[in-house]
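# Descriptive structure summary
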Amino acid sequence: MKAKVHITLKNGVLDPQGKAVEHALHGLGFPSVSDVRQGKFIELTIAETDKAKAKSQVEAMCKALLANTVIENYSVEVMD
Amino acid sequence: MKAAVIVFPGSNCDRDVAVALQQSTGKPPAMIWHRDTSLPDLDLIVVPGGFSYGDYLRCGAMGAHSPVMKEIKKAADKGVRVLGICNGFQVITEAGLLPGVLMRNRGLKYVCKDVYLKVEDSQSAFTTKYAVGDVVRIPIGHGEGNYYADDETLNRLEGDGLVAFRYCTPGGALSDDANPNGSQRNIAGVFNKSRTVLGMMPHPERLSDPKLGGVDGRKMFESLVETLS
């Protein structure tokens, strides 16, 4: 099955890239934009038929490598 | 002192640090490929600067899970000194040998210049030739050197005297202007609890010979030789 992983910076962690993107959007005529936060999106296929097991495996991958939990949160979505 | 330098695909300061080590020890260090699964008998392991694995995913993340890291962790547990410079600092924090993480520079740009550091410790094997309060000039060259840890961790590091170096002005003031990358509390280098592992963004090997324009970095290698020989 396929899994989608979103990795985002924790609240309170400075995101200079998000800030720069926000400034650029303001400059391009989108003054209503605020709170831009940049993250990562990872897609993967996992050889597993049980959705719950697949999810717990991907969460283990997040802890081991995909996210740095000092500064990042992750969320996992598993699709059939 | 028996020293080794770890070489990852993408390391680019491995030979510079080997030259600096040889200058101070009189013999070339062992160069250890990242796929190696055993280490010789060692006193010091250097994880050098560069862009291991192209900084894929996060800087240092792939290097931290390369085969040789298991052996480095085992050696560190036994008290073998580990020095992570620049990308090496990123690798050993990702590997969990040191707390915190190195994030994108506050100003987003890669910064390559000499900076001034205030020495905060002279008891570790890395710093005996320095005095607390010394101001030294050491180059940096990084895009992701913004040291971050939560306040609890930072308070613990400071309380236990585990901050090794901080960015400062030439006069030794710890101002925000002297902070090249936005690091929390101007931190440029930290120790583990036993002060046997040091990670730092600045490159002591780049100012370790008068021909390079300065020798402030050389004292680190001389400290190690003095302590570990």
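Reading the values: rules and limits
Here the residue numbers are simple positions, counted from 1 along each chain's written sequence. Labels are handed out in written order, letters beginning with A for the chains and numbers beginning with 1 for the ligands. The model is predicted, so local features are restricted to residues of pLDDT at least 70 and side-chain atom pairs to those at 80 or more, both for listing and for counting; the totals for chains, interfaces and linings are taken over all residues. Water and hydrogen atoms play no part in the side-chain values, which are based on all heavy atoms of the structure. Throughout, a residue-residue contact means that at least one pair of heavy atoms, one from each residue, lies within 4.5 Å. Buried area, as used here, totals the accessible surface that two parts lose on assembly, with accessibility defined by a 1.4 Å probe and the loss added over both. A pair is scored as a salt bridge if a Lys or Arg side-chain nitrogen falls within 4 Å of a carboxyl oxygen belonging to Asp or Glu. Two N or O atoms form a polar contact when they lie within 3.5 Å of each other; inside protein one atom must be a possible hydrogen donor and the other a possible acceptor, and for residues adjacent in sequence the pair counts only when both atoms belong to side chains. Helix and strand definitions here come from DSSP, where helices need a minimum of 4 consecutive H or I residues and strands a minimum of 2 consecutive E residues; each element is numbered from the N-terminal end. When residues are sorted by character, Ala, Val, Leu, Ile, Met, Phe, Trp, Tyr, Cys and Pro go into the nonpolar class, Asp, Glu, Lys and Arg into the charged class, and all the rest, Gly among them, into the polar class. Axis angles are defined between N-to-C directions and span 0 to 180 degrees, where every axis is a line fitted to C-alpha atoms and, for a helix, only to the segment in contact. Angles are sorted into four bins: roughly parallel if under 35 degrees, roughly antiparallel if over 145, roughly perpendicular if 65 to 115, and oblique for all others. Helix crossings are classified by the rotation of the near helix relative to the far one: an anticlockwise turn of less than a right angle makes the crossing left-handed, while a clockwise turn makes it right-handed. Paired strands, in this sense, are two strands between which DSSP finds at least two bridges.

### Quick look at the interface of chain A and chain B
Every contact between the two is made by 16 residues of chain A and, on the other side, 14 residues of chain B. For the chain A face of the interface with chain B, the top three residues by lost area are Pro16, Leu65 and Asn68 of chain A, together amounting to 37%. Where Arg58 of chain B meets Glu72 of chain A, a salt bridge forms, and the shortest distance between an N and an O atom there is 3.8 Å. Counting across the interface, chain A meets chain B through 5 residue pairs in polar contact (both at pLDDT 80 or more). Counting residues per element, the ones that place at least two in the side of chain A that touches chain B are helix 1 (16–27), strand 2 (40–45) and helix 2 (51–66) of chain A. Each residue belonging to the side of chain A that touches chain B can be placed in one class, and the counts come to 12 nonpolar, 2 polar and 2 charged.

### Let's talk about the packing of helix 1 (residues 14–25) of chain B against helix 5 (residues 218–228) of chain B
The geometry of a pair of packed helices is captured by two quantities: the angle between their axes and the separation between those axes. All names here are of chain B. Orientation of helix 1 relative to helix 5, taken along the N-to-C sense of each, is 55°, at an axis distance of 9 Å. The angle between helix 1 and helix 5 places the two elements in the oblique class. Note on packing geometry: the crossing formed by helix 1 with helix 5 is right-handed. In this structure, helix 1 uses Val17, Ala20, Leu21, Gln23, Ser24 and Thr25 to contact helix 5, whose residues at the interface are Arg218, Phe221, Glu222 and Val225.

### Some details on the pattern of salt bridges
Residue and element names in this part refer to chain B. Taken as a whole and judged by the stated rule, the model has 16 salt bridges over all chains. Two residues, Arg185 and Glu158, come together in a salt bridge whose shortest N-O distance is 2.8 Å. In this pair, Arg185 sits in the loop between strand 9 (163–168) and strand 10 (187–191) while Glu158 sits in helix 4 (residues 151–159), placing the two residues 27 residues apart along the sequence. Connected via shared salt-bridge partners are Glu120, Asp151, Glu158, Arg166 and Arg185.

### Some thoughts on the sheet that holds strand 7 (residues 135–142) of chain B
All names here are of chain B. Spatial ordering of the open sheet is given by 2-1-3-4-11-10-9-6-7, a layout of 9 strands whose pairing is mixed. Sheet topology places strand 2 (30–33) and strand 7 at the edges, where each strand pairs with a single neighbour. Sheet twist, expressed as the mean angle between neighbouring strand axes with direction ignored, is 25°. In the sheet, strand 6 (residues 111–119) pairs with strand 7 via 8 bridges, with the strands oriented antiparallel. Each residue of the ladder has a partner; that of Val115, found in strand 7, is Ile138. Running over the sheet, helix 3 (residues 87–94) touches strand 3 (44–47), strand 4 (81–85), strand 10 and strand 11 (197–200) and is turned about 120° from strand 4.

### Focus: the environment of Leu44 of chain A
Residue and element names in this part refer to chain A. Looking at the element boundaries, Leu44 is found in strand 2. Through-space distance from the C-alpha of Leu44 to that of Lys55 is 12 Å; in sequence the pair is 11 residues apart. If near-sequence neighbours (up to four positions away) are discounted, Leu44 is found in contact with Met1, Lys2, Ala3, Val58, Met61 and Leu66.

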